[in-house]
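Survey of secondary and tertiary structure
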Amino acid sequence: MGLGLWQHGSRLWGGEGSVERLAAGLSIALEEGLNLLDTAEVYGWGESERLLGRALKMLGASDSFVVVSKVAGFRHGESDIIGAVRRIASRLGRAPDVILHHWPPPAWASVCRVVRGLERAVSEGLTGDYGLSNYGEGLLARALECQRRLEPIALQAQYSLAYRTPEKRLLRMAAEAGMGFMAWSPLAKGALAGLRRPVSRAQRGDPVFKAASGDERLQSTLRGVAEKLGVGMAEVALAWLEARGAIPVVGWRRPERVRAAAVAARMELPGWAVEELDSVSRVYVDLWGDRYRPPSEPLIRLVPGLAQRLLLSLVGGI
Ligand SMILES: NC(=O)c1ccc[n+]([C@@H]2O[C@H](COP(=O)([O-])OP(=O)(O)OC[C@H]3O[C@@H](n4cnc5c(N)ncnc54)[C@H](OP(=O)(O)O)[C@@H]3O)[C@@H](O)[C@H]2O)c1
C-alpha cells in the first residue's frame, strides 16, 4: 500500500499544504507499518517534495520510508533528467529511492534517451531504482526494448474499480517485465470512498470521478460489501486492487485516511466480495477504450517539452 502526496501543496487540491498535517499522517503510517510514499516534481511545482522533506526531518524519519518521486515527462534528455533528480534530492533532503518518468515524452522524442537518462541516474547513485508512469502498452514495449543496463522496477498507471482498462493488457505486460504495478487514483479521487460531489478542482475535472460518483449500482454494492465486512468503502475499493495484484497509491489530506489505508493493507477481501465487485464494475473494463491512455494524452505528446515546462511553471505545477 502506497500513500500519495499529490494532495500536499498542490493548488488543484486546495492550495497550500501543511507540514504538520503531513507529519501527522506520516507518523500514523510509521505506527501502522506503511512505508511507501509517492510524490513528483510537478506536484505544486516542487512543494509536495519540499513539504515531505520538512516532515521527514521533523519526525527524524528520513530513512523509514521508501520515497518514489517522478521527473516530468517534458524531460527527455539524459542531462535534463539527471539535473532534475539532483534537484528532487535537494528538496527531499535525501535521495529518492525510486524515480519514475511521470508521463511519456513528446511524440517525436526518443523513448530510449529517456531510459538511458533513468538508467544513468541509478548507476550514478542518485536513486536506487527507476520506473515509468502513464506509459501505455506500445510505449512500454518500446521502453522495455531499449532498456540496456538496468531493469525498471515499477509501472505507475491509473487503475481502480471505475477504470479497469489496464486489465486488458497493461497489468500483464508489467507483471511479465517484473514491474510492480502502482495504481494511481485507486479511489477515483474519493468517489469510491462514497464522495458524491467534487470538493476540489482535481475532482471537478476528472471524468472517472464523475462516472464513479454517479454510478448508483457501484456505490450501493461498495456500501453493502463494506457494511458486511465492518469497514469503510475506501478500504474495500483498495483491498479489491490488492486482490488484483496492484499496489494502490492512495491520496489523502486528512491524516486519519492513513489509518484506513492500513486497514485495507491488512485485509484480504473474501472471494464473494471480489466477485460482486468484479461484476458490478465490469462496464469499466471497456468504457474508457481498448488501450491505456492517461487523461493528458494524446494532446500533451504533441506539445514540445519546453512549452510544457513553461506552461506548468507559469501555473505553479499541478
Ligand atoms: N502518475 C500519475 O500520473 C498520477 C496521477 C494522479 C495521482 N497520482 C498519485 O496517486 C495518488 C492518489 O491518486 P489521486 O490523488 O488521484 O486519487 P485517490 O487516491 O483515488 O483519491 C484521493 C482522495 O480520496 C480521499 N480518501 C482517501 N482515503 C479515504 C477514506 N478512507 N475515506 C474517504 N475518503 C478518502 C481523500 O480525501 P481527503 O483529501 O479528504 O483526505 C482524497 O481526496 C496521488 O496522491 C499521487 O501520488 C499519480
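Since the model is a prediction, treat every value here as computed from it, not as a measurement. (Residues numbered from 1 in each chain as written. Predicted model: local features only at pLDDT ≥ 70, side-chain atom pairs only at ≥ 80, totals over all residues. Heavy atoms only, no water.)

**Things to note about the site of the ligand**
- Taken together, the neighbourhood of the ligand is formed by 29 residues, with Gln 7, Asp 38, Asn 134, Ser 185 and Arg 253 sitting nearest.
- A distance of 3.0 Å separates an oxygen atom of the ligand from a polar atom in the backbone of Arg 254.
- Across the complex, the protein chains shield 92% of the 910 Å² of accessible surface that the ligand would expose by itself.
- Elements represented by at least two residues in the shell around the ligand include exactly strand 8 (247-251) and helix 11 (256-266).
- Broken down by element, the shell around the ligand gets its largest block of residues, three residues, from strand 8. (Near = heavy atom within 4 Å. Polar contact = N/O pair within 3.5 Å; in protein donor to acceptor, adjacent residues only side chain to side chain. Areas by Shrake-Rupley, 256 points an atom, 1.4 Å probe, with all protein chains shown as cover. Helix = DSSP H or I, 4+ residues; strand = E, 2+ residues; numbered from the N terminus.)

**Details of helix 4 (residues 111-123)**
- The end-to-end C-alpha separation of helix 4 is 18 Å, in line with the 18 Å expected for 13 residues at 1.5 Å each.
- Looking at helix 4, one finds that the buried residues are Val 111, Val 114, Val 115, Arg 116, Gly 117, Leu 118, Glu 119, Ala 121 and Val 122.
- Of the surrounding elements, those touching the buried residues of helix 4 are strand 3 (66-71), helix 3 (78-92), strand 4 (98-101), strand 5 (129-133) and helix 5 (137-146).
- Its side-chain oxygen 3.2 Å from the backbone nitrogen of Cys 112, Ser 110 forms the N-cap of helix 4. (Expected span 1.5 Å × (residues − 1). Buried < 20%, exposed > 50% of the residue type's maximum accessible area, 1.4 Å probe, protein only. Contact = heavy atoms within 4.5 Å.)

**Comments concerning the sheet that holds strand 3**
- Taking strand neighbours around the barrel as the criterion, the eight strands line up as 1-2-3-4-5-6-7-8 in a closed arrangement whose pairing is parallel. Between one strand and the next, the sheet's axes are offset by a mean angle of 25 degrees, whatever the strand orientation.
- Where strand 4 and strand 5 come together, four bridges link them in parallel fashion. Looking at strand 5, one finds that Ile 99 is bridged to Tyr 130.
- The strands that helix 3 touches are strand 3 and strand 4; relative to strand 3, the one it contacts most, it runs at about 140 degrees.
- Together, strand 3, strand 4 and strand 5 form the strand contacts of helix 4, whose direction differs from that of strand 5 by roughly 150 degrees. (Pairing = 2+ DSSP bridges. Axes fitted to C-alpha atoms, helices over the stretch in contact; angles between N-to-C directions.)

**Quick notes on the pairing of strand 5**
- The buried fraction of strand 5 is high, at four of five residues.
- Note that the unit made of strand 4, helix 4 and strand 5 has a crossover that is right-handed.
- In terms of strand pairing, strand 5 meets strand 6 (residues 154-158) through three bridges, oriented parallel. Across the sheet, Leu 132 pairs through a bridge with Leu 155, a residue of strand 6.
- A crossover connection joins strand 5 to the parallel strand 6 through helix 5; in handedness this β-α-β unit is right-handed. (Right-handed = clockwise from strand over helix to strand, strands pointing away.)

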